[in-house]
Amino acid sequence: MLGVCYYPEHWPESWWEDDARRMREVGISFVRIAEFAWSRIEPAPGRFDLDWLDRAVDLLHRHGLKVVMCTPTATPPKWLMDLHPDIAPMDAEGRVRGFGSRRHYTFSSEVYFDESRRIVEIIAKRYGAHPGVVGWQTDNEYGCHDTVLSYSPVDRTAFQAWLRRRYQSPDRLDEAWGNVFWSMETPSFDAVALPVGAVTETSPAARLEYRRFASEQVVAYDRMQVEIIRKHSPGRFVTHNFMGFFTEFDHWPFGEHLDLASWDSYPIGFAERFPFSEPEHARWAETSHPDIAPFHHDLYRGVGRGRWWVMEQQPGPVNWAPWNPVPKPGQIRLFTWEALAHGAEVVSYFRWRQAPFGQEQMHAGLNRPDRTLSPGGEEASTVGRELATIGALPASGKAPVALVFDYEACWILEIQPQGKDFDYRELVFRWYEAIRRFGLDVDIVPPGADLAAYRAVVVPTLPYASEAAVAAFEASNAPILFGPRTGSKTRHYAIPEGLPPGPLASLIPVRVTQVSSLRPGLTKPVEGAVAGLAMRWIDHVEIKDAKARVLSEVVDPAYRIPAVIAGPRGWYVTTWPDADLLTGTMRGFLEAAGLELMDLPEAIRIRRRGALTFAFNYGPQTYRVPAPEDAVFLLGARELPAQGVACWR
Amino acid sequence: MLGVCYYPEHWPESWWEDDARRMREVGISFVRIAEFAWSRIEPAPGRFDLDWLDRAVDLLHRHGLKVVMCTPTATPPKWLMDLHPDIAPMDAEGRVRGFGSRRHYTFSSEVYFDESRRIVEIIAKRYGAHPGVVGWQTDNEYGCHDTVLSYSPVDRTAFQAWLRRRYQSPDRLDEAWGNVFWSMETPSFDAVALPVGAVTETSPAARLEYRRFASEQVVAYDRMQVEIIRKHSPGRFVTHNFMGFFTEFDHWPFGEHLDLASWDSYPIGFAERFPFSEPEHARWAETSHPDIAPFHHDLYRGVGRGRWWVMEQQPGPVNWAPWNPVPKPGQIRLFTWEALAHGAEVVSYFRWRQAPFGQEQMHAGLNRPDRTLSPGGEEASTVGRELATIGALPASGKAPVALVFDYEACWILEIQPQGKDFDYRELVFRWYEAIRRFGLDVDIVPPGADLAAYRAVVVPTLPYASEAAVAAFEASNAPILFGPRTGSKTRHYAIPEGLPPGPLASLIPVRVTQVSSLRPGLTKPVEGAVAGLAMRWIDHVEIKDAKARVLSEVVDPAYRIPAVIAGPRGWYVTTWPDADLLTGTMRGFLEAAGLELMDLPEAIRIRRRGALTFAFNYGPQTYRVPAPEDAVFLLGARELPAQGVACWR
Amino acid sequence: MLGVCYYPEHWPESWWEDDARRMREVGISFVRIAEFAWSRIEPAPGRFDLDWLDRAVDLLHRHGLKVVMCTPTATPPKWLMDLHPDIAPMDAEGRVRGFGSRRHYTFSSEVYFDESRRIVEIIAKRYGAHPGVVGWQTDNEYGCHDTVLSYSPVDRTAFQAWLRRRYQSPDRLDEAWGNVFWSMETPSFDAVALPVGAVTETSPAARLEYRRFASEQVVAYDRMQVEIIRKHSPGRFVTHNFMGFFTEFDHWPFGEHLDLASWDSYPIGFAERFPFSEPEHARWAETSHPDIAPFHHDLYRGVGRGRWWVMEQQPGPVNWAPWNPVPKPGQIRLFTWEALAHGAEVVSYFRWRQAPFGQEQMHAGLNRPDRTLSPGGEEASTVGRELATIGALPASGKAPVALVFDYEACWILEIQPQGKDFDYRELVFRWYEAIRRFGLDVDIVPPGADLAAYRAVVVPTLPYASEAAVAAFEASNAPILFGPRTGSKTRHYAIPEGLPPGPLASLIPVRVTQVSSLRPGLTKPVEGAVAGLAMRWIDHVEIKDAKARVLSEVVDPAYRIPAVIAGPRGWYVTTWPDADLLTGTMRGFLEAAGLELMDLPEAIRIRRRGALTFAFNYGPQTYRVPAPEDAVFLLGARELPAQGVACWR
């Protein structure tokens, strides 16, 4: 199903009717509204104007469009900021991040918590039972523009209270964090400073706890909104629109209080931001890389426990990347079908019409500012017609491979990377890409998830493995492939007793005795059953299990170190593998797990949804899809052209 | 005529006499003084010491030197800053930019406005009628070191007042700026925040207005000084010394209250700062690029409505670029003659003698610190002798080609570049270079200027075209070549109704339906009557005029887009052209305009002044100038050596 | 002799006994303790807990280990910072650099001066006469993390007082600094602002004085501590542990009040930070460059007037460089012997055991966190055994070559580099490397040092030469090789009268009339007796002494400039020489000085200590050492393997 983001407050009311009618023509069923409209809803303290919104909702409903109503808390209005200036977040340098754009509040502000409760209650009461309202989105893109972490006095007070609850006494905190180091011991909870603004690096344990605290603040803030909505709007779903490559808060516990997850998919903008090589950047600039959107589809399907939407789908060039090219013709249709193939219930475009004013005026919409369909709008219409022909899509099943993704892992590796380019998101993305190049579907799961259904489990790295994570791995029947640095930290950011992999010693057949980070330009050959180069990182290990087989070794003139080890319960890779070593290792591991592999070209991806198989072509060359002889094509044909989509049963 | 900048306060009074005598020997007629001398003029509040300055002026006058007196407002003394700390500007991060160098005031400070009025009045009264004083310079290099834009509370108050005058009601402001976007609506003018310090990008409309406000503050501040001077110093000219590649305020309205414009020409330092490629940087490091000084000569000739000086001419290595090489021998003479060829009345060197102390001690002068002529001083002496031989130069006539230069265009493209490397100054410079490589003289004019005298008009881009600008284009008899993004914005930073080129639709035969910015490394071939590459930017257009001819197209495997379109009234280029495409397009356009073109080597330029033709050689190879058989050479000869100057009639 | 840094407060007391026993097994004699233990020594204001430290000292002493006791002032505890927040330094942007790591105090805080006096007195009284305590270290790594320069109100007051003492009247200050420039004159000492936070560059004279002031504050602070210790701990040595490539304060006057110098040698981390080319970085990443540790050994031998330690020796990978590779096997042993070869009395490793918690948890120790020797620990044990076999090492004699190193030179060139890449430390390092590639030992000496004992003196540059420095050069019997920019500044940061080399005109046979800085990619060939390229910088000179021989010239198509000049008393190099020109010039100079030269491969170095000759191999290839036929090898053999050490008599 298709949806769209619409801002009635941006347009003359006389246009609304035509807009609604044309939405239906495009094949749109859902309309998200009102997430930035606070200044129109409450133009002055306590003075409300909801009539215009009533009329908009009624009109959309009259046209058979289903409304996803939003809370407007992403944009507190100026009068509110002037009444309570300490709502504003503060950056690590002590600068207020004030009014003038959006997200100018810290999650730790009690005043803002109360103000949010007030406005959410008003909206929820007003529209909770409206027959046109089918669901809710809270706020908008929590954390966008680095707003999870704030460092104001308000944040400090909240963090101190959080610590007091967790640790009860300063001594326990000092002990847990190792504060004896550099005389960092704290006289009292009131004396705890935020872990910024010091002469040099602050305590990694403190920093990790601050990340956990900040993440919990986001979840608690959202839960407050969700509870109000549930009270006043029974039977409607509640979601939030998450972002791409965004790891500032832990989405796994957040997802637990939602009915479904949704995310904002801007694959071409994200490609510009990803640390690709220059040739890769040029290659994917107008299409995105074929794993960027899918990675997030698979992630948010996990976060939503199976139910998820694309809430904002890129409809053309955007405005916020350093460069914003026009997508290749067909690419918007491809993105839409790709999301559906990965199990999306709805793909909702951002936005109905390009705004000619404001910060995002260079962001395309399904319509141009002159009320004419844009190329992206034409492609959406095509999908609308195709969907009408095909009808309901089957349910999305479990994938054969589970990839474990952990937000804390990202924080841990940001806090002390030890090698400047050890980037968690890059590592995970490359491992995901390697699996999908073999034509396999992937489920992305949190540490601790039930792994029973999977044929193979991949853990690119997991520095801290909780008890639940260890138990889940131990309960897995499938083989597990672990990457470097797994098990290298305790909960309180210390090296585990007995050295890494600490609590995973029963699964990973090595002990890590030293670690080496390698600058760009410094690599070491890996030789053996799988070959390639060791880059960026090497765990120097001793083999601790006589049954483990060393498949390959890092070769230095002065020594050799195991690179890939196949243990009886888990495989381990000691290095950041280059593309050859990664592909070879993954092939070996997945074949050992009994999976059947394809070898897809770099621009082609396959994805299954129930009995349907989809193929997507991000590249310029035609590709012959590996459909069986008797396949029935619902979309496309055996020859898959540039930017083509095929679907067969 | 030659001039020099002199600081009597820097030297023992016993040296002055010798300095003046030797200035005359070098051929100097004008001496600029006193622009940083406030602390010597008024050592303590209300305590004045002007005797030394009286003596200096008298002495220079006695030696037949004409004095250009300055106001000392670029350097408010410490006692004044301590009395009124809020004179200091504040940067966008909220940091005070205090005492210790120069320009430590914000133009919005009413206190400083009054203090400036006071000191200017004192100087103007004292020297206004002195027979040795022939003209005035206000302050020094307004805006240097990023001082046009300041963000202090004083600025905020001034901006609020300016907005109140412009908009009368907050609603009108909200409407004009599109503040409904992201709930940015303002409760009152007092609530308007400066468009900085927000969580992410602030309103582009607000930012553009802040640029306009700040620019007007500079002009108003200068006008105050000029009015005082005119009152007390009748018959003397008033000027200000502008800078190179400087666009922070709009020079066109500023020029209107001056008698003549002047600028500070440091071609080698500017070359270091320009975004040249590395090979270009190496090629021009010791000479500058042959269009850097000329571009500004042509610009400030326009700002001064025909009358202009070089107030500060680079005399050797400077101190402020990242690297400061010694110029190639002959280059200082070349710069001097080049300025004269472009119509300068006076070329005044900065400075008479290198100061052995202070921030600029590594800046060369005509003299070394040991009171001996530097190489640059020797070259100035050569020019002095040459000028004495040649006598008065003829008036500078209209050029055949007008290039439209717009300060607001620069601001608009800085505020939302949409493609990171879409740099207005770079674009204009490349288009100017292309014209001059054909041996043509260029006038640089503001949008709205009368274009009647020109054979061809070039507009590299003009995102916002005012009514006056549109009218002037429509009144032009000459063909006009427009570059990409022309007409893409309204006055209040919005996309025009009906899409770009908005109000220029009568002249530009396209409608822009989408735009694409391309990262470095991503280019598309352009094929057709003129060929090359499309880089950085592509306007995707529909042709709106059946009489328009598409000369070339951008070629993508998936589509073709017009690249160069010759319409009945104007040509349009949809892309940032590479050198080949730019040269080809410009050649086609200028030939179509009926102009006769030369093909000059990259290091050679030609310029006419009245009946005289000048040639300049920036390169290492000798060049045979295209002088007629019967040419009479006033300078040089037919064979133009490295760093050579030729002039023939 | 070997030592180690130990933190009893980091470990269960039950481990101490085993630690002490195993230290002895490794061959360790000295143990440094307590430098970060303030919060354990004084957990709350005036409440002391020294019992644990008593027990630790007693236990170490009982095991025959000699204790180096430290003052804990590098880490003022939280309660102290909360009582006196203005102890914290402030950065140049006005941000407080607060609690949370270490070194969070400014040397100008009188409160902290008093608090330091108090705690030092307590420690010194308690342990001054303990038989196990043989020496003292004050504080830890003064200046680490950019903490010499602070810009708080406290610093401003202290600087004003310092200026008042130096200049007596503001007029003298204005005159000395050239404050007439830009009206920078000061009404009073109270009005002097710190030379930061201005609109553009502040006075170079003011900045240089601020550097001198800040340096003197460090020395005075340390002297306070030393005097207290001497009073209470007679017969014990006092030292401080200096750092690598660290020039923020002047170490020469500091060294005068110490008994011996010591420094913290992290050669592999330092290699990562040095501005090597990318190929050099890759080549030396796992070994360090073979002159990085030696340069500092020779420097701190000078600072300690012959007596010095390595207080912290890198034992494996560290945590603080962008990348931290595992050292090549054998490299830790090599570093240890290399320090001893250069004359170290003790090499003390940092640290006994890797801490599993805190900021430095990724920093290796001699032991892994699991109480097992690390590879570095094994190598230290090897050295321990070798030392036991060889016995006492002979005294280190004078080297044939003196290299003059000046901290002020570094400040002067940082304040106004004039060419962005004119880096003092890089220049000196390259000149040092060139000398050592000829197999020569080097003494590093301050300007003004007695040069009588040397056969050759090398001065890579010395912008300001004090009277003492000039006198010492004039008294030298050895020839002196001066580099570019020598003598180019006065004490108060001005160009000397009569132009550079100012007071060195009697020794340097040129006058510098212009200077040129060249961007990367712009070089000029040098031709003549020695050849190569001129890079980065060229002094344009006139020859002032008829007896001077121009050995080589910089060749430009338009001119030639002397590049290397051999004067009767000194040689002068006018440019930053590339490797060829530097090697050729140095060879010519050293041969002219009558020295016999070897040509060592890039990875091999030789060093003598008394009658012993050592050779070190940083590279992967075996090298045949140039030992005489009848040499007796105490370490290694004639064939020196990768990472090998040889020592013969």
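Structural data are supplied above this passage.
Residues numbered from 1 in each chain as written. Chains lettered and ligands numbered in written order. Predicted model: local features only at pLDDT ≥ 70, side-chain atom pairs only at ≥ 80, totals over all residues. Heavy atoms only, no water.

Student: For the interface of chain A and chain C, give the residues involved together with the corresponding values.
Tutor: With 49 residues of chain A at the contact, the number on the chain C side is 56 residues. Counting each side, the surface lost to burial between chain A and chain C is near 4500 Å², with a carbon and sulfur contribution of 56%. When the area that chain A buries against chain C is broken down by residue, the three leading residues are A:Trp182, A:Val199 and A:Arg519, summing to 19%. C:Arg40 is the partner of A:Glu185 in a salt bridge, and the nearest nitrogen-oxygen pair spans 2.7 Å. (Contact = heavy atoms within 4.5 Å. Buried area = accessible area lost by both parts, 1.4 Å probe. Salt bridge = Lys/Arg side-chain N within 4 Å of Asp/Glu carboxyl O.)

Student: Residues and numbers for the relation of the copies chain C and chain B, please.
Tutor: Superposing chain C onto chain B takes a rotation of 120° plus a shift of 0.0 Å along the axis, which leaves an RMSD of 0.0 Å. A rotation of that kind, with that shift, is consistent with a three-fold axis. (Least-squares fit on C-alpha atoms with pLDDT ≥ 70 in both.)

Student: With reference to specific residues and values, describe the environment of A:Arg207.
Tutor: Residue and element names in this part refer to chain A. Relative to the helices and strands, Arg207 is located in helix H8 (residues 204–232). In the structure, Arg207 is positioned 30 residues away from Trp177 in sequence and 10.0 Å away in space, judged by C-alpha atoms. If near-sequence neighbours (up to four positions away) are discounted, Arg207 is found in contact with Pro195, Glu201, Thr202, Glu414 and Ile415. Within the structure, Arg207 has its side chain in polar contact with the backbone oxygen of Ile415 (distance 3.2 Å). (Helix = DSSP H or I, 4+ residues; strand = E, 2+ residues; numbered from the N terminus. Polar contact = N/O pair within 3.5 Å; in protein donor to acceptor, adjacent residues only side chain to side chain.)

Student: Any details on the side chain of C:Arg103? Residues and values, ideally.
Tutor: You can see C:Arg103 is positioned in the loop between helix H4 (78–83) and helix H5 (110–127). Polar contacts involving the side chain of C:Arg103 include one to the side chain of C:Asp139, which spans 2.6 Å. Ignoring sequence-local partners within four residues, the contact set of C:Arg103 consists of A:Val199, C:Ala74, C:Pro89, C:Asp139, C:Asn140, C:Glu141, C:Tyr142, C:Gly143, C:Cys144, C:His145 and C:Thr147.

Student: Tell me what's going on with the sheet that holds strand E24 (residues 633–635) of chain B, and back it up with residues and numbers.
Tutor: All names here are of chain B. Taking strand neighbours across the sheet as the criterion, the four strands line up as E21-E22-E26-E24 in an open arrangement whose pairing is antiparallel. Strand pairing shows two members of the sheet lacking a second neighbour, strand E21 (604–609) and E24, which therefore form its edges. In this sheet, adjacent strand axes meet at a mean angle of 25° when their direction is disregarded. In terms of strand pairing, strand E22 (residues 612–617) meets strand E26 (residues 645–648) through four bridges, oriented antiparallel. Across the sheet, the residue bridging to Thr613 is Trp648, located in E26. (Pairing = 2+ DSSP bridges. Axes fitted to C-alpha atoms, helices over the stretch in contact; angles between N-to-C directions.)

Student: So what's going on with the packing of aromatic side chains? Residues and values would help.
Tutor: Enumeration according to the criterion identifies 166 aromatic pairs over all chains in this entry. Ring centres 5.2 Å apart and planes at 75° place the aromatic pair A:Tyr105 and A:Phe107 in the edge-to-face group. Over the ring of C:Trp11 we find C:Arg353; its NZ or CZ atom is 4.1 Å from the centre of that ring. (Phe/Tyr/Trp six-rings, centres within 6.5 Å; stacked < 30°, edge-to-face > 60°. Lys NZ or Arg CZ within 6 Å of the ring centre and 35° of its normal.)

Student: Could you give an account of helix H7 (residues 170–177) of chain A, with specific residues and numbers?
Tutor: All names here are of chain A. Of the residues making up H7, those classed as buried are Pro170, Leu173, Asp174 and Trp177. Looking straight down H7, one finds that the buried residues subtend no more than 100° of arc, so they occupy a single side. For H7, the exposed residues set more than 90 degrees away from the buried face come down to Asp171 and Glu175. Buried residues along H7 sit against helix H6 (153–167) and H8. Backbone geometry just after H7 places Gly178 at a positive phi near 70°. (Buried < 20%, exposed > 50% of the residue type's maximum accessible area, 1.4 Å probe, protein only. Arc of directions from axis to C-beta.)

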